[in-house]
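Geometric and topological summary
Take a look at the letters that make up each chain.
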2 protein chains.
Amino acid sequence: MLPTDVLSTAQQELTSWQGSGMSVMEVSHRGKPFVACAASAEARLRDLLSIPDNYKVLFLQGGATGQFSIVPMNLTSPGEHVAYLNTGQWSSKAIKAARSQDLVVEVLADEKESNYSTIPAPGSYTVANSSRYLHYTPNETIGGVAFDYVPDTGDVPLVADCSSTILSQPMDVEKFGLIYAGAQKNLGPAGLTVVIVREDLTGHTRAMTPDIFDYAAMAEADSMLNTPPTFAIYLLELVLEWVQNMGGLSAMETRNKAKADSLYTAIDTHDFYANPVAVHARSRMNVPFTLANPDLDKVFLSEAENAGLTNLAGHRSVGGMRASIYNAMGQDGVDALISFMNDFADRYA
Amino acid sequence: MLPTDVLSTAQQELTSWQGSGMSVMEVSHRGKPFVACAASAEARLRDLLSIPDNYKVLFLQGGATGQFSIVPMNLTSPGEHVAYLNTGQWSSKAIKAARSQDLVVEVLADEKESNYSTIPAPGSYTVANSSRYLHYTPNETIGGVAFDYVPDTGDVPLVADCSSTILSQPMDVEKFGLIYAGAQKNLGPAGLTVVIVREDLTGHTRAMTPDIFDYAAMAEADSMLNTPPTFAIYLLELVLEWVQNMGGLSAMETRNKAKADSLYTAIDTHDFYANPVAVHARSRMNVPFTLANPDLDKVFLSEAENAGLTNLAGHRSVGGMRASIYNAMGQDGVDALISFMNDFADRYA
């Protein structure tokens, strides 16, 4: 979902950007107007997240899935130790990719026993100084599990897949060595990956890494070693402006907390609905829930779609229902869902 | 440049695709409507290029620059021999990237002596059977140099960077082992890379290659191991439909040949303008030219821009002028340029 205002601006400008008579997709990525657009996107992101000067902001391609391999290619040499926390399917994929990079992968905590319905408690795991980094997934979109704290890793760099949480609340970038995020949740459209990396962690990339995934080389080239995904960066710029106009990340957090609280309250109020996640680990972005009678799942989804409530099917690997309520979703959208859920429960419970 | 009809359709549909009330950027990439859109893009591409069944079509990210590294990661093991033809800056970049992949890189022909103003003649180089592939660049966008023949490599797979020629004329896919193309010239917007690869060449990817660049793994997953660049694929589908409606690749060739012929004739008619490329190696997509008096370059570019003729500066590495006349450019656009050039020559020669 993208903010309505952003889509509307993009529609108006699609055939003539900045009065040029050309689409933003047609202008040269090295021309002044587009270079200024990319620079503005970076400046807005730096402003919103208070990114310190010793962090580079990169606009890459390949998504978070690409970064699962590219992070170790940049931050490690073969044979070194790396640490991971496993809180669900995205963590698991990141771990699997790291294992293909000839590393000693230490999974410090794995929430398998809880069926990935909670997060490891602070202090329940220790990061060895020999680890090149600790990787974790602040929010698992499929399980709806989120960290309510930032792991303390001492001098070991903390690496986070923030695809589904970036811009949803303030974050202290200085606590992280590297943050990456696929754009398609809170930043813009699919096809753009944002990487925020502390400068001293770059420049040690493995020899055979493609240039376009060498953080130092891409930083040096302002992310333009290859033609960047110009339209996605243009939309990012509009989304960031929208977040600023909404009041920034504190305002987004207030809005997102209210949305999530209202939806979890609706779920918890009815025995008809259930969410299996430990309360302190509940995601504000992805709210999975089940019906007491799973035979009604299809009826629920079909009636919801007829009511204009789409994309509510749970991930194909787990079934059930899932409401993804990213930044662009307003309280009105959540209220419409809650109203439908209350009505559905009244009729079928 | 994108076809006006394509941009106009994209604009109309931007906020509500297929009557869904959602942008194509907002629908799930695994939902039926988008899966059908991607399948239609593949079907149209297969139809236009008569792609045989034993070739896979992949929609990747990272551009041709990414493929410079990813091709050897998929098609070779360390220490093996690969062969390249060097006809300019893009070939040179591909060669440099291959050299980083622990290979014996044999440059069978290098047109440096001609200042990259021509192509190696057929028969002037021999591909050893020990080579894993021969790589060449059918069209060099900066030098404006194009092959007017397809190299015969016997049983050695032929690999081609077709970023700037794909869809500009018919091509016999069976002569190639692998074709790759960044989308931003003739296929759609930046951020999408199309790979057409003979199936038997896949499945031998080096162990540490990211999954999203493992041709076999991506083929198996219908190019959806990561979230694909959905908007770019949607636009590709529209562009392919436009090419079909224009009459297909033979019609595009006729149109492109007429455009290029008229522009080269204008250049050759005036001593005031010059193009350094051997006539048989002249590109139909990129027409670089110089003024007899380079002091006038800035005046030319400035007056051209005032006349609505943009993007005519030569690549920053070579200067001068360059007209890129990809598929979406019509004869009317070329005629406007020719008319301006004739007038400019009359006034300044």
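This part takes up a positive patch on the surface. The grouping of A:Arg30, B:Lys93, B:Lys96 and B:Arg316 at the surface amounts to a positive patch. A relative accessible area of 40% places B:Lys93 in the partly exposed class.

The next subject is the sheet that holds strand E8 (residues 178–182) of chain B. Residue and element names in this part refer to chain B. With mixed pairing, 7 strands are arranged side by side in an open sheet as E1-E9-E8-E7-E4-E2-E3. A single partner strand is all that each edge strand has here, and the edge strands are strand E1 (55–60) and strand E3 (104–110). Taking each pair of neighbouring strands and ignoring which way they run, the sheet shows an average axis angle of 15 degrees. Where E1 and strand E9 (residues 193–198) come together, 6 bridges link them in antiparallel fashion. Bridging from a neighbouring strand, Leu60 pairs with Thr193 of E9.

Bringing the packing of aromatic side chains into the picture now. All names here are of chain A. Scanning the model with the defined rule gives 32 aromatic pairs over all chains in all. Relative to Phe300, the ring of Tyr273 lies with its centre 6.2 Å away and its plane at 75 degrees, an arrangement referred to as edge-to-face. With Tyr273 in strand E10 (residues 273–274) and Phe300 in helix H8 (residues 297–306), this pair connects stretches of sequence that are 27 residues apart. A network of ring pairs unites the aromatic residues Phe272, Tyr273, Phe289, Phe300, Phe340, Phe344 and Tyr348 as a single cluster.

In total, this model carries 20 salt bridges over all chains according to the counting rule given. With a closest N to O distance of 2.7 Å, B:Glu237 and B:Arg44 form a salt bridge. Within this pair, whereas B:Glu237 is found in helix H6 (residues 230–245), its partner B:Arg44 is found in helix H2 (residues 32–49), the two being separated by 193 residues in sequence. Residues joined in a network through salt bridges with shared partners are A:Glu303, A:Asp343 and A:Arg347.

For the rest of this paragraph, the subject is helix H4 (residues 89–99) of chain B. Residues and elements named next belong to chain B. Every buried residue of H4 is accounted for by Ser91, Ala94, Ile95, Ala97 and Ala98. Considered in projection along H4, the buried side chains sweep an arc of 165 degrees and stay on one side of the axis. For H4, exposure combined with an orientation more than 90 degrees from the buried face picks out Lys96 and Arg99. Looking at the buried side of H4, the elements it contacts are helix H3 (63–75), strand E2 (81–86), E3, strand E4 (131–136) and strand E5 (139–140).

Listed per partner, the contact involves 46 residues of chain B and 46 residues of chain A. Carbon and sulfur atoms make up 61% of the surface buried where chain B meets chain A, a total of about 3,600 Å² over both sides. For the chain B face of the interface with chain A, the top three residues by lost area are B:Gln11, B:Glu26 and B:Met208, together amounting to 16%. Remark: the boundary between chain B and chain A carries 0 salt bridges. Where the side of chain B that touches chain A is concerned, the elements lending two or more residues are helix H1 (4–13), H3 and H6 of chain B. Looking at which element gives the most residues to the side of chain B that touches chain A, the answer is H3(B), with 5 residues. The residue inventory of the side of chain B that touches chain A, partitioned by class, reads 20 nonpolar, 20 polar and 6 charged.

So, about the relation of the copies chain B and chain A. Superposing chain B onto chain A takes a rotation of 180 degrees combined with a translation of 0.0 Å along the rotation axis, leaving an RMSD of 0.0 Å. Viewed as a symmetry operation, the transformation between the two copies matches a two-fold axis. Interface residue correspondence from chain B to chain A reaches 100%, placing this contact among same-surface, isologous pairings.

Below, the discussion takes up the side chain of B:Thr137. Residues and elements named next belong to chain B. Examined against the element boundaries, Thr137 turns out to sit in the loop between E4 and E5. Within the local environment of Thr137, its side chain forms a polar contact with the side chain of Ser91, the two groups lying 3.1 Å apart. When near neighbours in sequence (up to four residues on either side) are disregarded, Thr137 contacts Thr87, Trp90, Ser91, Phe147 and Asp161.

Turning our eyes to something else, we now look at helix H1 (residues 4–13) of chain A. All names here are of chain A. Turning to H1, its buried residues number three or more, namely Val6, Leu7 and Ala10. Buried residues in H1, looked at end-on, bunch into an arc of 95 degrees, giving them a common side. Structural note: H1 exposes Thr4, Asp5 and Gln12 on the side pointing more than 90 degrees away from its buried face. Contacts from the buried residues of H1 go to helix H6 (230–245).

So, on to empty space enclosed by the protein. Under the defined criterion, the tally for this structure stands at 5 cavities of 30 Å³ or more. Taken as a whole, the largest cavity holds about 110 Å³ of empty space. Lining the largest cavity are 14 residues, and of these A:Ala190, A:Ala232, B:Ala190, B:Phe231 and B:Ala232 lie nearest its centre. Elements supplying a minimum of two residues to the lining of the largest cavity: H6 of chain A together with H6 of chain B. For the lining of the largest cavity, the residue count by class is 10 nonpolar, 4 polar and no charged.

Remark: a regular strand shows side chains that alternate across the two faces of the sheet. Residue and element names in this part refer to chain B. The element E4 is extensively covered by neighbouring structure, given that 5 of its 6 residues are classed as buried. Of the strand pairs in this sheet, E2 and E4 are connected by 3 bridges, and their pairing is parallel. Among the inter-strand pairings, Tyr84 is bridged to a residue of E4, identified as His135. Bridge analysis of E4 against strand E7 (residues 158–161) gives 3 bridges, and the strand direction is parallel. By the bridge assignment, His135 is partnered in E7 with Val159.

The phi dihedral of A:Asp222 falls on the positive side, at around 50 degrees, and the residue is not glycine. With respect to the helices and strands, the residue A:Asp222 is situated in the loop between helix H5 (215–220) and H6. Phi is positive for B:Asn311, close to 60 degrees, though the residue is something other than glycine. By the element assignment, B:Asn311 lies in the loop between helix H8 (297–306) and strand E12 (321–324).

A:Leu167, A:Ile196 and B:Ile196 are the most contacted members of the largest nonpolar core, which has 126 residues in total. Excluding residues that lie within four positions of it along the chain, B:Ile196 makes contacts with B:Leu45, B:Leu49, B:Ile51, B:Tyr55, B:Lys56, B:Val57, B:Ile166, B:Val173, B:Gly177, B:Leu178 and B:Ile179. By size, the runner-up hydrophobic cluster in this structure holds 56 residues, among which are A:Ile70, A:Tyr180, A:Ile212 and B:Ala98.

Scoring rules and cut-offs
- Residues numbered from 1 in each chain as written.
- Chains lettered and ligands numbered in written order.
- Predicted model: local features only at pLDDT ≥ 70, side-chain atom pairs only at ≥ 80, totals over all residues.
- Heavy atoms only, no water.
- Patch = residues over 30% accessible without salt bridge, like charges linked within 9 Å, V, L, I, M, F, W, Y side chains within 5 Å.
- Areas by Shrake-Rupley, 256 points an atom, 1.4 Å probe, with all protein chains shown as cover.
- Salt bridge = Lys/Arg side-chain N within 4 Å of Asp/Glu carboxyl O.
- Lys, Arg positive; Asp, Glu negative; His and termini not counted.
- Charge placed at Lys NZ, Arg CZ, Asp CG, Glu CD.
- Buried < 20%, exposed > 50% of the residue type's maximum accessible area, 1.4 Å probe, protein only.
- Pairing = 2+ DSSP bridges.
- Helix = DSSP H or I, 4+ residues; strand = E, 2+ residues; numbered from the N terminus.
- Axes fitted to C-alpha atoms, helices over the stretch in contact; angles between N-to-C directions.
- Phe/Tyr/Trp six-rings, centres within 6.5 Å; stacked < 30°, edge-to-face > 60°.
- Arc of directions from axis to C-beta.
- Contact = heavy atoms within 4.5 Å.
- Buried area = accessible area lost by both parts, 1.4 Å probe.
- Nonpolar A, V, L, I, M, F, W, Y, C, P; charged D, E, K, R; others polar.
- Least-squares fit on C-alpha atoms with pLDDT ≥ 70 in both.
- Polar contact = N/O pair within 3.5 Å; in protein donor to acceptor, adjacent residues only side chain to side chain.
- 1 Å grid on protein atoms, 1.4 Å probe; cavity = no way out; pocket = protein on both sides within 12 Å on 5 of 7 lines; lining within 4 Å.
- Points joined across faces, edges and corners; volume = space filled by probe spheres on them.
- Core = buried A, V, L, I, M, F, W, Y, C linked by side-chain atoms within 4.5 Å.

Remember that the coordinates give geometry; whether it matters functionally is a separate question.
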